[in-house]
Amino acid sequence: QVHLVESGGGLVQAGGSLRLSCAASGRTFSSYAMAWFRQAPGKEREFVAAISQRGIYYADSVKGRFTISRDNAESTVYLQMNSLKPEDTAVYYCAAGLVALRSVSSYNYWGQGTQVTVSS
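The text that follows walks through the structure, step by step, so that each part is easy to find. (Residues numbered from 1 in each chain as written. Predicted model: local features only at pLDDT ≥ 70, side-chain atom pairs only at ≥ 80, totals over all residues. Heavy atoms only, no water.)

Further remarks concern the pairing of strand β4 (residues 33–39). Burial of β4 is extensive: six of the seven residues sit out of reach of the surface. Of the pairings in the sheet, the one linking β4 to strand β9 (residues 90–97) comprises seven bridges and is antiparallel in character. Bridging from a neighbouring strand, A33 pairs with G97 of β9. Counting the residues in the hairpin turn of β4 and strand β5 (residues 46–52) gives six residues, including G42, whose phi is positive at 80°. (Buried < 20%, exposed > 50% of the residue type's maximum accessible area, 1.4 Å probe, protein only. Helix = DSSP H or I, 4+ residues; strand = E, 2+ residues; numbered from the N terminus. Pairing = 2+ DSSP bridges.)

Core analysis: the largest hydrophobic core is formed by 39 residues, its most contacted members being L4, M34, W36, L79, M81 and Y92. For this core, the secondary structure elements donating two or more residues are β3 (18–24), β4, β5, β7 (66–71), β8 (76–81), β9, β10 (107–110) and β11 (114–119). Excluding its chain neighbours within four sequence positions, the residues that come into contact with L4 are C22, A23, A24, M34, C94, A95, A96, Y109, W110, G111 and Q112. (Core = buried A, V, L, I, M, F, W, Y, C linked by side-chain atoms within 4.5 Å. Contact = heavy atoms within 4.5 Å.)

Side chains of L98, V99 and L101 sit close together on the surface and give an oily, nonpolar patch of about 300 Å² of accessible area. Inspection of the secondary structure puts L98 in the loop between β9 and β10. Looking at L98, the relative accessible area reads 66%, which means it is exposed. (Patch = residues over 30% accessible without salt bridge, like charges linked within 9 Å, V, L, I, M, F, W, Y side chains within 5 Å. Areas by Shrake-Rupley, 256 points an atom, 1.4 Å probe, with all protein chains shown as cover. Salt bridge = Lys/Arg side-chain N within 4 Å of Asp/Glu carboxyl O.)

Before going further, it helps to spend a moment on the environment of N82. Position of N82 relative to the elements: it lies in the loop between β8 and β9. Spatially, the C-alpha atoms of N82 and L18 are 6.8 Å apart, while their sequence positions differ by 64 residues. When neighbours within four sequence positions are excluded, N82 is seen to be in contact with G16, S17, R65 and F66. Polar side-chain contacts of N82 include one of 2.9 Å to the side chain of S17. (Polar contact = N/O pair within 3.5 Å; in protein donor to acceptor, adjacent residues only side chain to side chain.)

At S75, a position not held by glycine, the phi torsion is positive, near 50°. Positive phi values are uncommon outside glycine, yet S83 reaches one of about 50°. Considering the arrangement of structural elements, one finds S83 in the loop between β8 and β9. Of the residues examined, S83 reaches a relative accessible area of 42% and is grouped as partly exposed.

Our focus in this paragraph is the pattern of salt bridges. Per the stated rule, a full pass over the model turns up four salt bridges. A salt bridge links D60 to K63; the shortest N-O distance between them is 3.2 Å. On the accessibility criterion, D60 (66% relative accessible area) is exposed. When salt bridges that share partners are traced, they join R38, E46, R65 and D88 into one network.

None of this, on its own, says anything about what the molecule does.
Here's what the structure looks like:
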């Protein structure tokens, strides 16, 4: 069982930056693939980035602007978001699973989400 808690969301102007954090409970954090997804109002939840022992993956829409990283000693995964755009506005969710795939169904554990709002 893994419990995930996101933090770091907020309101930022276009072009600004935010850093999201996701703190995980459990003794086997390092063995999990970790990912960030987001969901805007009226839209489906979409993949943003994932990190595992096999590699790091990004959605095309955030590549070059967002960076995912993890600190296994602290059981925390981060999402550094730069050059933010209004279309990045969404609730951002942290997820844990066995394999770093881009589909929602690949992840067994989810946080409660943190709101990111980018004003134009």
